[in-house]
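Overview (structure and organization)
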Amino acid sequence: MVPWYAWGAFSLALGLLLAIDLGAHRRAHTIAVREAVSWTIAWVALALAFGGLLWWWRGADTAGQFVAGYLIEWSLSVDNVFVFVLILANLAVPGALQHRVLFWGVVGAILMRLGFILGGAALIQQFEWTALVFGAVLLATAVRFARDRHVEEGRAFRWTRSLIPVSDRYEGSKLLTRSSGRLAATPLLAAIVLVNVTDVVFAIDSIPAIFSVTRDPFVAFTSNALAILGLRSLYFVVHGAVGSLEHLRPALAAVLAFVAAKMVLSPWVHVPTGISLGVIGAILAVGVAASLLIGRRRPRAHGPRPAGSSNTPRRAPGTPRDTAPSRAGGTRPGRPASS
């Protein structure tokens, strides 16, 4: 059992890291790839350092569980980035405001993960058979990943508009404005809501996955939180390469299928943490390597590109179209298609 002060210390450190990140980006600006790579390296180094601390504090097995959970969540974050690319492009979020949207998405994701992990841990501790349910959910998720998955952000956008009117123009970093004499959300607030709604969908995938490698709520939460912290910088690193990691999704499907089988068979077969970590790392390495090698060998054909291979993602149904200059000099998203 992890003492309460360890939870408190990690929560304080997490809040401090978020404050540092928000302070470093207090001036709205478009994140360059070099800056994003630097931040990504820093977040990964921080996670590895925390894994070393766990090794010293609680032993190699716990540290191995943390690294395995971090690898799973980090690789799932890459898939999350692909959906965030669609959301931010469809809502025509200006480059200078994208980090703000992702920041609040990360805060929401961390809070949701904490609640889901504590609830899931309590369920597994009280009812051991729920591990089999989580395993079945993971198998279904693996099948979805193998078949390809699309998040209906258009439906979520229409749901947001049903709750509060959404204005047709960005007004800097403002979340609320007055439109025709009534309170309305800016498209920036709509983007933040959409990112958090999709985070709920991603949590349904990732929480069973983390419990397949550890039953320790502290290890599950810390690995999730530290992986999510790096999601914003990861977005700016890979958002221009949406179509180049085409073999990552089958690799993720294989990872989820492996951990699902491990979870379902756990009452009868014990798979050591070292073996789990090696299998997960190897599958992901093969997926990334295959994407890079096949992408280099493939000739660049002229003409229309396959769907999803362009740097400009496709517009989802029900979300705004391209941007248009406004009279006030801001950025105005197009109107969504009627539902």
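Because the structure is predicted, anything quoted here is derived from the model rather than measured. (Residues numbered from 1 in each chain as written. Predicted model: local features only at pLDDT ≥ 70, side-chain atom pairs only at ≥ 80, totals over all residues. Heavy atoms only, no water.)

**What about the packing of aromatic side chains?**
Worth spelling out the cut-off: Between 30 and 60 degrees the pair is tilted, below 30 it is stacked and above 60 it is edge-to-face, where a pair is any two Phe, Tyr or Trp rings, Trp via its six-membered ring, whose centres lie within 6.5 Å. Note on conventions: DSSP H or I runs of at least 4 residues are helices, E runs of at least 2 residues are strands, and numbering of each starts at the N terminus. The cut-offs for exposure are 20% and 50% of the maximum accessible area for each residue type, with area from a 1.4 Å probe on protein chains only; residues under the lower value are buried, those over the upper are exposed, and the others partly exposed. By the criterion adopted, a ring carries a charge over it if an Arg CZ or a Lys NZ lies within 6 Å of its centre and within 35 degrees of its normal.
Summed over the entire model, instances satisfying the criterion amount to 14 aromatic pairs. Judged by centre distance (6.2 Å) and plane angle (70°), the ring pair of Phe-10 and Phe-218 falls under edge-to-face. Taken together, the residues span a long stretch of sequence, with Phe-10 in helix H1 (residues 4-24) and Phe-218 in helix H8 (residues 217-229) at a distance of 208 residues. Exposure class is identical for Phe-10 and Phe-218. Each is buried. Both rings, one in Phe-103 and one in Trp-104, keep their centres 5.1 Å apart while their planes meet at 85°; by these two values the pair is edge-to-face. Linked through ring pairs, Trp-7, Phe-10, Phe-50, Trp-57, Phe-66, Tyr-70, Phe-218 and Phe-221 together constitute an aromatic cluster. Directly above the aromatic system of Trp-57 lies the positively charged group of Arg-58, at a separation of 5.7 Å from the ring centroid.

**Observations concerning the confidence of the model for the protein chain**
This is how the line gets drawn: Confidence scores here are pLDDT values: one per residue, from the predictor, ranging 0 to 100. The contact criterion used throughout is that any non-hydrogen atoms of two residues lie within 4.5 Å.
On average, residues of the protein chain score 77 in pLDDT, and 78% of them reach the 70 mark or higher. Confidence scores differ between elements of the protein chain, with strand E3 (residues 323-325) showing the lowest mean pLDDT of 42 and H8 the highest of 94. Considering only residues more than four positions removed or in separate chains, one finds that residues 300-329, a stretch of pLDDT under 50, has 61 contacts. Note that pLDDT drops below 50 for residues 334-339; the model gives that stretch 14 contacts with residues more than four away or on any other chain.

**Some thoughts on the pairing of strand E2 (residues 182-185)**
In plain terms, the rule: Pairing between strands is defined by DSSP: at least two bridges between the two strands are required.
The pairing of strand E1 (residues 176-179) with E2 spans four bridges and is classified as antiparallel. Directly across from Arg-178, in E2, lies its bridge partner Leu-183. The hairpin formed by E1 and E2 contains two residues between the paired strands, and Ser-180 there has a positive phi angle of roughly 55°.

**Let's talk about the packing of helix H5 (residues 130-147) against helix H7 (residues 187-211)**
The line we're drawing: Axis angles are defined between N-to-C directions and span 0 to 180 degrees, where every axis is a line fitted to C-alpha atoms and, for a helix, only to the segment in contact. When an angle is under 35 degrees it counts as roughly parallel; over 145 it counts as roughly antiparallel; between 65 and 115 it counts as roughly perpendicular; any other value is oblique. Note: crossing handedness is left-handed where the near helix turns anticlockwise from the far helix by less than a right angle, and right-handed where it turns clockwise.
Where H5 contacts H7, the axes come no closer than 9 Å and their chain directions differ by 125°. As judged from the angle between their axes, H5 and H7 are oblique. In this structure, H5 meets H7 at a crossing whose hand is left-handed. Between H5 and H7, the residues in contact are Phe-134, Val-137, Leu-138, Thr-141, Arg-144 and Phe-145 and Ile-204, Asp-205, Pro-208, Ala-209 and Phe-211, respectively.

**Let's talk about the packing of H1 against helix H4 (residues 95-126)**
Heads up, the rule is: Residues are grouped as follows: Ala, Val, Leu, Ile, Met, Phe, Trp, Tyr, Cys and Pro are nonpolar; Asp, Glu, Lys and Arg are charged; every other residue, Gly included, is polar.
Following both chains from N to C, one finds H1 and H4 inclined at 170°, their axes separated by 11 Å at the closest point. Relative to H4, H1 is oriented roughly antiparallel. Contacts from Trp-7, Leu-14, Leu-18, Asp-21 and Leu-22 in H1 reach His-99, Phe-103, Val-106, Val-107, Ile-110, Leu-114 and Leu-118 in H4. Here the contact of H1 with H4 is built from residues that sort into ten nonpolar, one polar and one charged.

**Here we look at the pattern of salt bridges**
Counted only if it meets this: A pairing counts as a salt bridge when a side-chain nitrogen of Lys or Arg comes within 4 Å of a carboxyl oxygen of Asp or Glu.
All chains considered together, the criterion is met by four salt bridges. Between Glu-73 and Arg-113 there is a salt bridge, and its shortest N-O distance comes to 3.1 Å. Here Glu-73, found in helix H3 (residues 60-90), pairs with Arg-113, found in helix H4; they are 40 residues apart in sequence, far enough to count as distant.

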